[in-house]
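Coordinate analysis (summary)
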Amino acid sequence: MDRIGLKKIVIAGGSGFVGRALTKHFSAFYHVIVLSRATNWDGRTLGAWVNELDGAYALINLTGKNVNCRYTGKNRKEILDSRVLSTKILGEAIRKVSDPPKVWIQMSSATIYRHSEDKPNDETFGEIGADFSMNVCKAWEKAFNEIQMSDIRRVIMRTSIVMGNDGGAFPPLKKLVKSGLGGKQGKGTQMVSWIHVEDIVGVVEWMLQGSASGVYNVTAPQPVSNRIFMKQLRAAYKAWIAFPATEWMLKIGARLIGTETELVLKSRWVIPKRLIQDGYRFKFPTLESALKELVGK
């Protein structure tokens, strides 16, 4: 307990889009500590930040280099190390405190599943692949699962594209649509799994207050194809001019802006089977409802 009796939550990697949303929401109910440079947190070494975990109710680990970059050798190493090493050092830190967190919620990614246009992937029957991004996710979860802590309830969140006005993928997509470039990307048949940022916050709150443990796909229950995704986005903004982007155009564009085409061409068809079965109620279950809220702001 801390700050006039409020339970303490520690968020590692909390300076990003999702971390800011969680901090804003939970600061009204918890004493939220964000591990950052100010607390000497580098995601690799032990330091004074370890003391923040002592007596904390929960640890939420979001740490990881942004994947919106070119997959050079240097960037690949940083993407992997930032996830695996931060998870391992948090495990070491928890073993050093006398009163460790009761809950550890660990970020992962729905990109762990293979490119799929033939069937959806859930936590039971999802098919995990073996390319760079999938291998990063597997190593990330392996590092987490290898930490032996029987008294801590542990949860893995395999998240999809997070939709919100304050960061993530939505603002750039909105600019594309408004500039007349909001047509389908590639063939347009690739599936897009997404989730509204308010449902990310809602899922984390549900996990903290309940008894969730193990792996959860944290995506909205109704993914759509890229063609439908862009069509609904255009309709939401009444943008009737829409030039499509072929795969070769995307490859050139990705090089120019320093990113990878995988981020838009990989088919992420992911279903939140466990969230639905265990009773989480989505605020925005459909893309139409999510866009109505986002565009209305």
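Everything here concerns the structure above.
Residues numbered from 1 in each chain as written. Predicted model: local features only at pLDDT ≥ 70, side-chain atom pairs only at ≥ 80, totals over all residues. Heavy atoms only, no water.

So, about the overall build of the chain. When helices and strands are tallied, the chain shows ten helices and ten strands. Here the C-alpha radius of gyration of the chain, 19 Å, is about what a compact globule of 297 residues would show, namely 19 Å. Each principal axis of the C-alpha distribution contributes one length, and for the chain these read about 60 × 40 × 40 Å. Taken over 297 residues, the chain has a buried fraction of 52%. For the chain, the proportion of contacts with a sequence separation of at least 24, taken over those separated by at least 6, is 79%. Working note: accessible area of the chain is about 14,100 Å², and carbon and sulfur atoms make up 55% of it. Taking the 43 positively charged and 27 negatively charged side chains of the chain as two groups, their mean positions are separated by 5 Å. (Helix = DSSP H or I, 4+ residues; strand = E, 2+ residues; numbered from the N terminus. Rg over C-alpha atoms; globule rule 2.2 N^0.38 Å. Buried < 20%, exposed > 50% of the residue type's maximum accessible area, 1.4 Å probe, protein only. Contact = heavy atoms within 4.5 Å. Areas by Shrake-Rupley, 256 points an atom, 1.4 Å probe, with all protein chains shown as cover. Lys, Arg positive; Asp, Glu negative; His and termini not counted. Charge placed at Lys NZ, Arg CZ, Asp CG, Glu CD.)

This model, assessed by the stated rule, comprises nine aromatic pairs. A centroid spacing of 5.7 Å and a plane angle of 70° characterise the contact between F26 and Y30, whose relative ring orientation is edge-to-face. A single burial state applies to F26 and to Y30, both of which are buried. Lying across the ring of F132, R76 places its NZ or CZ 4.5 Å from the centre. Above the face of the W140 ring, R83 is positioned so that its terminal group lies 4.9 Å from the ring centre. (Phe/Tyr/Trp six-rings, centres within 6.5 Å; stacked < 30°, edge-to-face > 60°. Lys NZ or Arg CZ within 6 Å of the ring centre and 35° of its normal.)

For helix 6 (residues 226–236), the full list of buried residues reads N226, F229, M230, L233 and R234. The arc that holds the buried residues of helix 6, viewed along the axis, is 130°, so those residues lie on one side. For helix 6, the elements touching its buried residues are strand 6 (161–163), helix 4 (170–178), strand 7 (191–192), strand 10 (224–225) and helix 10 (287–296). (Arc of directions from axis to C-beta.)

Remark: helix 6 packs on helix 10, axes separated minimally by 10 Å, with the N-to-C direction vectors making an angle of 35°. Here helix 6 and helix 10 pass one another in a crossing that is right-handed. Only L287, E288, L291 and V295 of helix 10 make contact with helix 6, whose side of the interface consists of F229, Q232, L233 and A236. By residue class, the composition of the contact of helix 6 with helix 10 is six nonpolar, one polar and one charged. (Axes fitted to C-alpha atoms, helices over the stretch in contact; angles between N-to-C directions. Left-handed = near helix turned anticlockwise from the far one by under 90°. Nonpolar A, V, L, I, M, F, W, Y, C, P; charged D, E, K, R; others polar.)

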